[in-house]
Structure formats: C-alpha cells, structure tokens
Amino acid sequence: MRVAVVGVQGDVEEHVIAAKKALKNLKVDGEVVATRKAGVVSKSDAVIIPGGESTTISRLIFSDSIADEIVQIANEGKPVMGTCAGLILLSKYGDEQVAKTNTKLLGLMDIWIKRNAFGRQRESFQVKLNVKGIGEYDAVFIRAPAIVKVKENVDVLATFEDYIVAARQNNVLALAFHPELTDDTRIHEYFLRMSIR
Ligand code: GLN
C-alpha cells in the first residue's frame, strides 16, 4: 500500500517515520511518501495531514489540487488521518479564529473545533489518555486544538478535561495530539488497519 503524508508544512518527516514503522509492525508491504505535489495523494491508499500551522497548511493545499485529492480519496472510503492542525482541517465547523483568518477547511468530519483550546499557559504537555480501540496512551499536545461538539455519526475515541481529543467518522480519524512524536506507533497501526479492514 502507499501512504501519503501531506508535506507542505509541519511535522512531516516524523509521520513518515512513524507510518513506516507501523507498516513494518503490521507486516504490510508498502511505501510512505511525503508530498507537496499534485497527483500523489489521489494515487495513495491512505493519507496523513500532519500538525503545523493550520492557516499555512490550508492555504498551501487549497492553492493546488491537494485539498480536492484528499476529499476525493476520503469519499472513496480510503483512510484519512489529521493530527493537531490536521484535525482542524478535517472539520466542518471552525471557531472564530478559523473565521477570522479565513482558513478554508476540508469539511470531512461533522465536528466543531476550537483552535489553541488549552490556552497559552499550557503550550505543550503530555498526558495519559484512554483511547477507544487502543487503550492507555501517552499523548503529546502542542498548542493543540480540541473538538467541542460532534454529530451522532462521529465516534468519540478519547476525551481530556471537557474536550474530545480523538474521534473517528467512518474512514476519517482526527487527533488533537501528536502520535508521531512518541515511539509508540499504535495509533498509526490503528489508522493503517482502517484500510486493510
Ligand atoms: N495551533 C496550531 C493551529 O491552530 C496547531 C498546532 C499544532 O499542529 N501543533 O494551527
């Protein structure tokens, strides 16, 4: 299988490494490619949108066909994962910061998000979560967004304080934290198994 990591900005290489490790652990033949060019995502079996700056990533993917290609492969039922800024981009309903910055969203999940939900005092932190389908998981949050509300077709996978921090809608997975920044590849394995089915 071919896994594409949207490589316009953010923690791209870390996702490439984590996805490669996950393929190996699952004993699945495949390649992982970072891409900033049109025509790669549409030919992939799964795509990852990394964390970074949602405003920048949005501008860059909507300035060529990458945004359309992500929507296309999601509609084909292939797995799409967004982490942190990627979660913001997957959502249908942004907050006032998304509106103020005119950030275009992919709108693939029926979720309402809040950018920088955990405030300035806690720019980054690590916390143990209980993630549905995975179990106890040490999660790294960096200026993280959160999900504040979901429609009933969205499966909530993890919560922290008053927020939803991991959710799945069919073949689309959104995480507020950074699974690529720890050695634990269980989230990437879970994601890749969504395509093996
Ligand atoms: N705060 C960033 C944003 O709103 C996301 C942070 C991250 O991806 N680490 O785009």
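So, here is what we can say about the structure in this document.

Rules used throughout
Residues numbered from 1 in each chain as written. Predicted model: local features only at pLDDT ≥ 70, side-chain atom pairs only at ≥ 80, totals over all residues. Heavy atoms only, no water. Near = heavy atom within 4 Å. Polar contact = N/O pair within 3.5 Å; in protein donor to acceptor, adjacent residues only side chain to side chain. Salt bridge = Lys/Arg side-chain N within 4 Å of Asp/Glu carboxyl O. Helix = DSSP H or I, 4+ residues; strand = E, 2+ residues; numbered from the N terminus. Buried < 20%, exposed > 50% of the residue type's maximum accessible area, 1.4 Å probe, protein only. Contact = heavy atoms within 4.5 Å.

## Thoughts on the site of the ligand
At step 1: Taken together, Gly 51, Gly 52, Glu 53, Ser 54, Cys 84, Ala 85, Ile 88, Arg 115, Asn 116, Ile 142, Arg 143 and His 178 make up all the residues around the ligand.
At step 2: For the ligand, an oxygen atom lies 2.6 Å from a polar atom in the side chain of Arg 115.

## Quick notes on the pattern of salt bridges
At step 1: Inspection of the entire model under this criterion finds nine salt bridges.
At step 2: Between Glu 31 and Arg 2 there is a salt bridge, and its shortest N-O distance comes to 3.0 Å. Taken together, the residues Glu 31 in strand β2 (residues 31–35) and Arg 2 in strand β1 (residues 2–6) connect sequence positions 29 residues apart.
At step 3: Classification of Arg 2 as partly exposed rests on a relative accessible area of 25%.
At step 4: Residue Asp 183 pairs with Lys 21 through a salt bridge whose shortest N-O separation is 3.9 Å. Of this pair, Asp 183 sits in the loop between β12 (172–175) and α6 (186–196) while Lys 21 sits in helix α1 (residues 12–26); the two residues are 162 residues apart in sequence, bridging distant segments of the chain.
At step 5: On the accessibility criterion, Lys 21 (35% relative accessible area) is partly exposed.
At step 6: Via salt bridges that share partners, Glu 53, Arg 115 and Arg 143 belong to a single interconnected network.

## Points about the side chain of Thr 35
At step 1: Turning to its location among the elements, Thr 35 is positioned in strand β2.
At step 2: Not counting residues within four places of it along the chain, the set of residues in contact with Thr 35 comprises Ala 4, Val 5, Val 6, Gly 7, Val 8, Val 40 and Val 41.

Structural measurements only, silent on function.
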